[in-house]
Amino acid sequence: MTIDAGAHTFSTASGDPAYLRRRAVEEARAAVGAKSLASTLIHVELATAFARRCRDVADRAWVAQHRIW
């Protein structure tokens, strides 16, 4: 995502499971390569947040596909 991307671009991307999965992996890799404990903890927290968001988006998509009504 470019620096001049707006809020609309982020909200669209943050609903995409592929984007969220990619960001979780990037943050996990950054945590492994971090030089300090503080930066490791920050990257772990971000990776966890992206993974949770990805799970939530996938759950909502599954529910929408399997609605009975």
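Everything below is about the structure printed above this text.
Note that the structure is predicted; figures quoted are calculated from it, not measured.

## A few points about the environment of Arg55
Stage number 1. Position of Arg55 among the secondary structure elements: in helix H3 (residues 37-65).
Stage number 2. Its relative accessible area of 47% is what places Arg55 among the partly exposed residues.
Stage number 3. Sequence separation between Arg55 and Arg21 is 34 residues; the distance between their C-alpha atoms is 9.2 Å.

## Description of the environment of Pro17
Stage number 1. Tracing the sequence through the fold places Pro17 in helix H2 (residues 17-32).
Stage number 2. Taking the C-alpha atoms as reference points, Pro17 and Cys54, separated by 37 residues in sequence, lie 5.3 Å from one another.
Stage number 3. Each residue touching Pro17, except ones within four places of it in the same chain, is listed here: Cys54 and Val57.

## Concerning the packing of H2 against H3
Stage number 1. Two elements in contact, H2 and H3, have axes whose closest approach is 8 Å; the angle formed by their N-to-C orientations is 160 degrees. Considered as vectors, H2 and H3 are oriented roughly antiparallel to each other. Judged by the twist between their axes, the crossing of H2 over H3 is left-handed. Seen from H2, the contacting residues are Pro17, Leu20, Arg21, Arg23, Ala24, Glu27, Ala28, Ala30 and Ala31; seen from H3, they are Thr40, His43, Val44, Leu46, Ala47, Phe50, Ala51, Arg53, Cys54 and Val57.
Stage number 2. Among the residues making up the contact of H2 with H3, the classes are represented as 13 nonpolar, two polar and four charged.

Parameters at a glance
Residues numbered from 1 in each chain as written. Predicted model: local features only at pLDDT ≥ 70, side-chain atom pairs only at ≥ 80, totals over all residues. Heavy atoms only, no water. Helix = DSSP H or I, 4+ residues; strand = E, 2+ residues; numbered from the N terminus. Buried < 20%, exposed > 50% of the residue type's maximum accessible area, 1.4 Å probe, protein only. Contact = heavy atoms within 4.5 Å. Axes fitted to C-alpha atoms, helices over the stretch in contact; angles between N-to-C directions. Parallel < 35°, antiparallel > 145°, perpendicular 65-115°, else oblique. Left-handed = near helix turned anticlockwise from the far one by under 90°. Nonpolar A, V, L, I, M, F, W, Y, C, P; charged D, E, K, R; others polar.

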